[in-house]
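Listed below are the residues making up each chain.
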Amino acid sequence: MAELKNAKQKACEGIDRAATDLNTLSQEIWKNPELNFEEHHAHQVLTDFLEKNGFNVERKFVVDTAFRATFGSQENGCINACVICEYDALPEIGHACGHNLIAEAGVGAGLGIKVAMEAAGRPIGKLTVLGTPAEEGDGGKIKLIEEDVFKDIDLALMVHPNNTNCISSPSCLAVTVFDVTFHGKASHAAYAPWEGVNALDAAVMYYQYMSVMRQQMKPTWRIHGVISNGGTRPNIIPEKSEVTFCLRTPTAVELCELKERAFACAEGAAKATGCEMEHSYSHIYANVVSNNTLVKLYTENAENLGVKFLPENQADNMIMGSTDMGNVSYVVPSIHPFYGLQTDSVYHSHGFTAASGAPEAQQPTLVQAKAMAMTVLDVFFQGEDILKQIREDFSEDMKKNES
């Protein structure tokens, strides 16, 4: 279709024209790392940029550091496509997950789509650029889901940088954080240790129980934790200890089973040491369910731009962590591809922080912005026919993941 081809070209040209400004935006976020729900500078620079470029911007949307920027309309049955930005950083190591690049790619894609929509000369869809804070643990997207932000959205896209591999349909696990507190009884550790109940012993036993459980875990499950409080002084029997574990599985259904086993380990440690136990779970980040039709469209566009993806048989064996984008993928058809940077450092490391702020990160990030823009334009121009297939895929995926 000549009109679609022309629209994609216009989108890519628009992104190229804005390349310097997009890099500046990314650098502003990278140089000013902000933690969960504290991303005030990132919120400001992103919303200022979008407003300057003609979007209708809603600042402090639902939560103080979220935003919604829109262009176009859903009148006459037009499709509403959502491009998602993240921009929170990690404690001490800054943008070691490359969220500055995620924001750049999302805003860049939005800008390219808007250019193509204006060039079309007729209504072809509605575009939503959604700023989602606090992905690193506090579930900003979950809060937006709870407020029905996605109820009028037909599909959602975002991309995530990786160290070397481009993966169109990554395996992102479901996760919850399991916090356990053991309560014992303090006593002098030399004078009368028999009067104490050692909460640190309970924490150590619990940690060991969880480690032993790994032998019988499925190879796709993950557990990892820390003893965050083991007492105050060595001559005092610790009366309180605290342990935090992340529990991860390929699906939310499997996560329920792992939670039961983790609870049994904690309960056993408490009984063995005579401690009392209290526990809590964080919200669950669901596994990412990649919509097959959207993946195919995105992959074709990215490959046309020169992206080389990891072969499917290798990608299937790679686990990419967890994200609250998984929760979005249970609400609307979604994709969350990973793309490679020129670094050997894995994310959540100092090396990846450096890579996400390096000049070499710009070209692959702009390519991803273009691939997302082209994918949204595919859906806009193919309309109800392609949307019907996307929704059928989504329905089948939900049946599989809820069984």
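Just so you know, these numbers come straight off a predicted model, no measurement behind them.

Caption draft 1: Broad picture of helix H4 (residues 99–120). Between its first and last C-alpha, H4 extends 32 Å over 22 residues, near the 32 Å set by a 1.5 Å rise per residue. In terms of burial, H4 is a largely internal element, 19 of the 22 residues being buried. Phi turns positive, to about 75 degrees, at Gly-121, one or two residues after H4.

Caption draft 2: Layout of the sheet that holds strand S2 (residues 67–72). Judged by pairing direction, the sheet is mixed, and its six strands sit side by side in the order S1-S2-S4-S3-S5-S11 without closing on themselves. Edge positions in the sheet fall to strand S1 (56–58) and strand S11 (334–335), since each has one partner strand and no second. With three bridges connecting them, strand S3 (residues 80–85) and strand S5 (residues 155–157) associate as parallel partners. When the bridges of S5 are listed, Cys-82 appears paired with Ala-156.

Caption draft 3: Representation of helix H3 (residues 40–52) in the model. If you check H3, its first and last C-alpha atoms are 18 Å apart, about what 13 residues at 1.5 Å a residue would give, namely 18 Å. A positive backbone phi angle near 95 degrees is found at Gly-54, which sits one or two residues after H3.

Caption draft 4: Focus on the packing of aromatic side chains. Under the defined criterion, the tally for this structure stands at ten aromatic pairs. Between the aromatic rings of Phe-55 and Phe-71, the centroid separation amounts to 6.4 Å while the plane-to-plane angle is 65 degrees, which identifies the pairing as edge-to-face. Taken as a pair, Phe-55 in the loop between H3 and S1 and Phe-71 in strand S2 lie far apart in primary sequence, 16 residues in all. Judged by its relative accessible area of 22%, Phe-71 is partly exposed. Ring centres of Phe-182 and Tyr-206 lie 6.0 Å apart, and the angle between their planes is 65 degrees; on these two criteria the pair is classed as edge-to-face. Here Tyr-206 lies in helix H6 (residues 199–213) and Phe-182 lies in strand S7 (residues 174–183), a separation of 24 residues in the sequence. Three or more aromatic residues link up through ring pairs in this structure, and these residues are Phe-178, Phe-182, Tyr-206, Tyr-207, Phe-245 and Tyr-281. Above the face of the Phe-71 ring, Lys-114 is positioned so that its terminal group lies 4.9 Å from the ring centre.

Caption draft 5: Quick peek at the layout of surface pockets. Within this model, the largest pocket holds a volume of roughly 700 Å³. Considering the residues around the largest pocket, the lining is formed by 30 residues, among which Glu-136, Arg-248, Gly-321, Ser-322 and His-348 are closest to the centre. If you list the elements that add at least two residues to the lining of the largest pocket, you get strand S6 (160–162), S7 and strand S9 (240–249). Split into classes, the residues belonging to the lining of the largest pocket amount to 14 nonpolar, twelve polar and four charged.

Caption draft 6: Molecular detail of the sheet that holds strand S10 (residues 276–281). One open sheet holds the four strands; their spatial order is S8-S9-S7-S10, and the pairing between them is antiparallel. This sheet does not close on itself; its edge strands, each paired only once, are strand S8 (222–229) and S10. Ignoring which end each strand starts from, the neighbouring axes of this sheet average 20 degrees apart. Pairing between S8 and S9: seven bridges, direction antiparallel. Note that in S9 the partner of Arg-222 across the bridge is Arg-248. Across the face of the sheet, H6 comes into contact with S7, S8 and S9 while running at roughly 15 degrees to S9. Of the strands in this sheet, S7, S8, S9 and S10 touch helix H7 (residues 252–273), which is tilted by about 15 degrees from S7.

Caption draft 7: Structural view of unusual backbone geometry. Phi is positive for Glu-92, close to 70 degrees, though the residue is something other than glycine. Within the secondary structure, Glu-92 sits in the loop between S3 and H4. Even without being glycine, Ala-134 reaches a positive phi, approximately 55 degrees. One can find Ala-134 in the loop between strand S4 (126–131) and helix H5 (140–146).

Caption draft 8: Expanded view of the packing of helix H1 (residues 2–17) against helix H12 (residues 362–382). At their nearest, the axes of H1 and H12 sit 9 Å apart, and the two run at 150 degrees to each other. Taken together, H1 and H12 sit at an angle that is classed as roughly antiparallel. Read as a crossing pair, H1 and H12 show a hand that is right-handed. Across the interface between the two elements, Glu-3, Leu-4, Ala-7, Lys-8, Ala-11, Cys-12, Ile-15 and Asp-16 from H1 touch Leu-366, Ala-369, Lys-370, Ala-373, Met-374, Leu-377, Asp-378 and Phe-381 from H12. Its residues assigned to classes, the contact of H1 with H12 shows eleven nonpolar, no polar and five charged.

Reading the values: rules and limits
- Residues numbered from 1 in each chain as written.
- Predicted model: local features only at pLDDT ≥ 70, side-chain atom pairs only at ≥ 80, totals over all residues.
- Heavy atoms only, no water.
- Helix = DSSP H or I, 4+ residues; strand = E, 2+ residues; numbered from the N terminus.
- Expected span 1.5 Å × (residues − 1).
- Buried < 20%, exposed > 50% of the residue type's maximum accessible area, 1.4 Å probe, protein only.
- Pairing = 2+ DSSP bridges.
- Phe/Tyr/Trp six-rings, centres within 6.5 Å; stacked < 30°, edge-to-face > 60°.
- Lys NZ or Arg CZ within 6 Å of the ring centre and 35° of its normal.
- 1 Å grid on protein atoms, 1.4 Å probe; cavity = no way out; pocket = protein on both sides within 12 Å on 5 of 7 lines; lining within 4 Å.
- Points joined across faces, edges and corners; volume = space filled by probe spheres on them.
- Nonpolar A, V, L, I, M, F, W, Y, C, P; charged D, E, K, R; others polar.
- Axes fitted to C-alpha atoms, helices over the stretch in contact; angles between N-to-C directions.
- Contact = heavy atoms within 4.5 Å.
- Parallel < 35°, antiparallel > 145°, perpendicular 65-115°, else oblique.
- Left-handed = near helix turned anticlockwise from the far one by under 90°.

Coordinates in, geometry out; function isn't part of it.
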